[in-house]
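Letter by letter, the chains look like this.
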Amino acid sequence: MSVERAAELMARARAGVALTGAGISAESGIPTFRGAGGLWAQYDPVKVASIDNFLRDPSAYWKVAKERGPAVLAARPNPGHHALAALERAGRLIAVVTQNTDGLHQDAGSRRVIELHGFLFGEAMPIPAVEEAFALARAADVMLVVGSSLVVYPAAHIPSAAVDHGATLIVVNAEPTPLDRIAEVVIRGRAGEVLPELATLTSAA
Ligand code: NAD
């Protein structure tokens, strides 16, 4: 079984690094961008969220923000966020690199969280965070990707950088990703269900 195999790998990790995307917060009630039920099925991302269009006419952005804001403000960490915090406390993860803006990893108790995002399409990524994320990837022995479509760059390059430097890749996602082909273990499922099982099996391994 793939969760068991992933737990064996996590249990041996000395420098595990997680990379998370919007999918880990879906079960906290925050819609993803892509994938089933994602926001881009309802909105045009270039119209709504590009920095250029926002500066020209911010009304489309604020309309979506008004609809989406209450869900983000009310969101609480789910068992997936808590499982990653537990893996860090157990010494199996040294950091969580996240593409998310919701702060739920910190709320769940993850201590080293690197936030890798602008606040709108077209906005530059924070350079120190990008450098730290790639340094972690190069040092990682296990890279655990959770809830990311792995199509947004530079975040999507991080797992390949880790694998190129000798890490083993585990992907937990509801749908296929372009990097499944280089992963040692691919688990197709919901983060809030898979990660608690992974954390429990890792502590028992
Ligand atoms: P994405 O929307 O491109 O992809 C999300 C992926 O998660 C999809 O492949 C989907 O199949 C998967 N998924 C959905 N529900 C899942 C679940 N319960 N368990 C596991 N997987 C699940 O998100 P991305 O890769 O993070 O990249 C896009 C951008 O989205 C990022 O820049 C990020 O800032 C932004 N974003 C953030 C939030 C947030 O802060 N919570 C929400 C939406 C978008």
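This structure is a prediction, so every number in the text was calculated from the model and none was measured.

Draft legend 1. The overall build of the chain, seen in detail. Along the chain, the regular secondary structure elements total nine helices and six strands. Computed over its C-alpha atoms, the radius of gyration of the chain comes to 17 Å, within 12% of the 17 Å expected for a compact globule of 205 residues. Principal-axis analysis of the C-alpha atoms places the extent of the chain at approximately 55 × 30 × 30 Å. Total accessible area on the chain is roughly 9700 Å²; 57% of this is exposed by carbon and sulfur atoms.

Draft legend 2. Up close: the packing of helix α5 (residues 79–89) against helix α9 (residues 191–204). With their axes 7 Å apart at the nearest point, α5 and α9 run at an angle of 25 degrees to one another. Taken as axis vectors, α5 and α9 run roughly parallel relative to one another. The two elements α5 and α9 meet at a crossing, and its hand is left-handed. Residue-level inspection shows Pro79, Gly80, Ala83, Leu84 and Leu87 of α5 in contact with α9, the latter providing Ala191, Gly192, Leu195, Pro196, Ala199 and Thr202. Classifying every residue of the contact of α5 with α9 by side-chain character gives eight nonpolar, three polar and no charged.

Draft legend 3. Just the sheet that holds strand β5 (residues 168–173), in detail. Strands sit in the order β3-β2-β1-β4-β5-β6 across an open sheet of six strands; the sheet is parallel. Looking at which strands have only one partner, the edges of the open sheet turn out to be β3 (113–115) and β6 (185–188). Each neighbouring strand pair of the sheet contributes to a mean axis angle of 15 degrees, computed without reference to strand direction. Here five bridges tie strand β1 (residues 16–20) to strand β2 (residues 93–98), and the two strands are oriented parallel to one another. If you follow threonine 20 over to β2, its bridge partner there is threonine 98. Relative to the sheet, α9 contacts β4 (142–146), β5 and β6, its axis offset from that of β4 by approximately 155 degrees.

Draft legend 4. Seen up close, unusual backbone geometry. Tyrosine 153 connects to proline 154 through a cis peptide bond whose omega is 10 degrees. For proline 154, the location among the structural elements is in the loop between β4 and α8 (158–164). Despite not being glycine, leucine 150 has its phi angle at roughly 55 degrees, a positive value. Looking at where leucine 150 falls in the secondary structure, it is placed in the loop between β4 and α8.

Draft legend 5. A look at the side chain of asparagine 78. Assignment of secondary structure puts asparagine 78 in the loop between α4 (59–74) and α5. Given the relative accessible area of 4%, asparagine 78 is considered buried. With sequence-adjacent residues up to four places away left out, asparagine 78 is seen in contact with Ile24, Ser25, Glu27, Ser28 and Gly192.

Draft legend 6. Representation of the site of the ligand within the structure. Lining the immediate environment of the ligand, one finds 26 residues, of which Glu27, Arg34, Gln99, Asp102 and Ser149 sit closest. Within the backbone of alanine 22, an N or O atom sits 2.8 Å from an oxygen atom of the ligand. Between the ligand and serine 149, the relevant distance is 2.6 Å, taken from an oxygen atom to a side-chain nitrogen or oxygen of the residue. Residues that form the shell around the ligand fall into these classes: eight nonpolar, twelve polar and six charged.

Draft legend 7. Representation of the pattern of salt bridges in the model. Applying the stated criterion across every chain, the model contains six salt bridges. Of the charged contacts in the structure, one is a salt bridge between arginine 5 and glutamate 184, with a shortest N-O distance of 3.1 Å. Of this pair, arginine 5 sits in helix α1 (residues 2–12) while glutamate 184 sits in the loop between β5 and β6; the two residues are 179 residues apart in sequence, bridging distant segments of the chain. Overall, the relative accessible area of 46% leaves glutamate 184 in the partly exposed class. Across the salt bridge formed by glutamate 193 and arginine 190, the nearest N and O atoms sit 3.1 Å from each other. Taking relative accessible area as the criterion, arginine 190 reaches 46% and is therefore assigned partly exposed.

Draft legend 8. The arrangement of the pairing of β6 in detail. Judged by which residues are buried, β6 turns out to be one-sided: Val185 and Ile187 face inward and are buried, whereas Val186 and Arg188, on the alternate face, are not. Note that β5 and β6 share four bridges and pair parallel. Across the sheet, the residue bridging to valine 172 is isoleucine 187, located in β6.

What counts and what doesn't
- Residues numbered from 1 in each chain as written.
- Predicted model: local features only at pLDDT ≥ 70, side-chain atom pairs only at ≥ 80, totals over all residues.
- Heavy atoms only, no water.
- Helix = DSSP H or I, 4+ residues; strand = E, 2+ residues; numbered from the N terminus.
- Rg over C-alpha atoms; globule rule 2.2 N^0.38 Å.
- Areas by Shrake-Rupley, 256 points an atom, 1.4 Å probe, with all protein chains shown as cover.
- Axes fitted to C-alpha atoms, helices over the stretch in contact; angles between N-to-C directions.
- Parallel < 35°, antiparallel > 145°, perpendicular 65-115°, else oblique.
- Left-handed = near helix turned anticlockwise from the far one by under 90°.
- Contact = heavy atoms within 4.5 Å.
- Nonpolar A, V, L, I, M, F, W, Y, C, P; charged D, E, K, R; others polar.
- Pairing = 2+ DSSP bridges.
- Buried < 20%, exposed > 50% of the residue type's maximum accessible area, 1.4 Å probe, protein only.
- Near = heavy atom within 4 Å.
- Polar contact = N/O pair within 3.5 Å; in protein donor to acceptor, adjacent residues only side chain to side chain.
- Salt bridge = Lys/Arg side-chain N within 4 Å of Asp/Glu carboxyl O.

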